[in-house]
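One-letter residues, chain by chain:
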Amino acid sequence: MANMVGKVQESHKITFHKDELLPDGLSHNRALHIMVQFEDKFIARVLIDRGSSLNICPLTTLKRLGKDFHEIRAGSMNLKAFNGSQWAIIGEINLCLQMGPTWFDVEFQVIDISATNILLGRPWIHATGPWLPHYTRP
């Protein structure tokens, strides 16, 4: 993971070398996880999901980051997960996350689930502009 952060700091983008590919090559379908920083804390295994229309942060993660419940703005939508289950969104919160040398102000929908990972969906991907994860061929 430290190697990945170093690559982001050097080039302002996430790149992969062919030696880092799984045996399946470019046809693998494993998720892309990165590490981000919030204030003095690191969040590992942040999932980047271009199929998600929301950025999701579990309530347990907010507590671990030292955020209080009163910092969450009210919200009243329901989220339908990929498996058809539905979750009530508690509200929204903005977190300033560092990825490599770049800081992003990200709006998250907060959900009370047991997961500890955050999910960065299309709203975050579109906000990054040209800084998108990609594969570079040597």
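Residues numbered from 1 in each chain as written. Predicted model: local features only at pLDDT ≥ 70, side-chain atom pairs only at ≥ 80, totals over all residues. Heavy atoms only, no water.

Visitor: What exactly am I supposed to notice about the pairing of strand E1 (residues 32–38) here?
Guide: Pairing geometry for E1 and strand E2 (residues 41–48), over six bridges, is antiparallel. Bridge pairing in E2 places Val36 opposite Ile43. Here E1 hands over to E2 after two residues, with Glu39 in that stretch at a positive phi of 50°. Here two bridges tie E1 to strand E6 (residues 86–99), and the two strands are oriented antiparallel to one another. Across the sheet, residue Gln37 finds its bridge partner in E6, namely Gln98. (Pairing = 2+ DSSP bridges. Helix = DSSP H or I, 4+ residues; strand = E, 2+ residues; numbered from the N terminus.)

Visitor: Explain the environment of Ile72 here, please?
Guide: Mapping Ile72 onto the fold places it in the loop between helix H2 (59–64) and strand E4 (73–74). A relative accessible area of 12% means that Ile72 is categorised as buried. The spatial distance from the C-alpha of Ile72 to the C-alpha of Ile90 is 7.9 Å, given a sequence separation of 18 residues. Residues in contact with Ile72, not counting those within four places in the same chain, are Leu59, Leu62, Ile90, Gly91, Glu92, Ile93 and Val110. (Buried < 20%, exposed > 50% of the residue type's maximum accessible area, 1.4 Å probe, protein only. Contact = heavy atoms within 4.5 Å.)

Visitor: Sorry if this is basic, but what is going on with the pattern of salt bridges here?
Guide: When their charged atoms lie close together, side chains carrying opposite charge are able to pair. With the rule as written, the count across this model stands at four salt bridges. In this structure, the salt-bridge partner of Glu71 is Lys67, at a minimum N-O distance of 2.9 Å. Residue Glu71 is classed as partly exposed on the basis of its relative accessible area, which comes to 31%. The shortest N-O distance in the salt bridge between Arg73 and Glu107 comes to 3.0 Å. On the criterion of sequence distance, the pair formed by Arg73 in strand E4 and Glu107 in strand E7 (residues 102–111) is long-range, its members being 34 residues apart. Where salt bridges share partners, they join Arg73, Glu92 and Glu107 into one cluster. (Salt bridge = Lys/Arg side-chain N within 4 Å of Asp/Glu carboxyl O.)

Visitor: It is not clear to me how the confidence of the model for the chain should be interpreted in this structure. Could you clarify?
Guide: Fine structural detail should not be taken from predicted coordinates in areas where pLDDT scores are low. Summarising the model, the chain shows a mean pLDDT of 77, and 75% of its residues fall at 70 or more. Of all secondary-structure elements in the chain, the lowest mean pLDDT belongs to helix H1 (residues 2–11), at 46, while strand E3 (residues 56–58) reaches the highest, 93. Within the model, the stretch residues 1–11 combines pLDDT values under 50 with 19 contacts to residues more than four positions away or in other chains. Considering only residues more than four positions removed or in separate chains, one finds that residues 131–138, a stretch of pLDDT under 50, has 26 contacts. (pLDDT = per-residue confidence, 0-100.)

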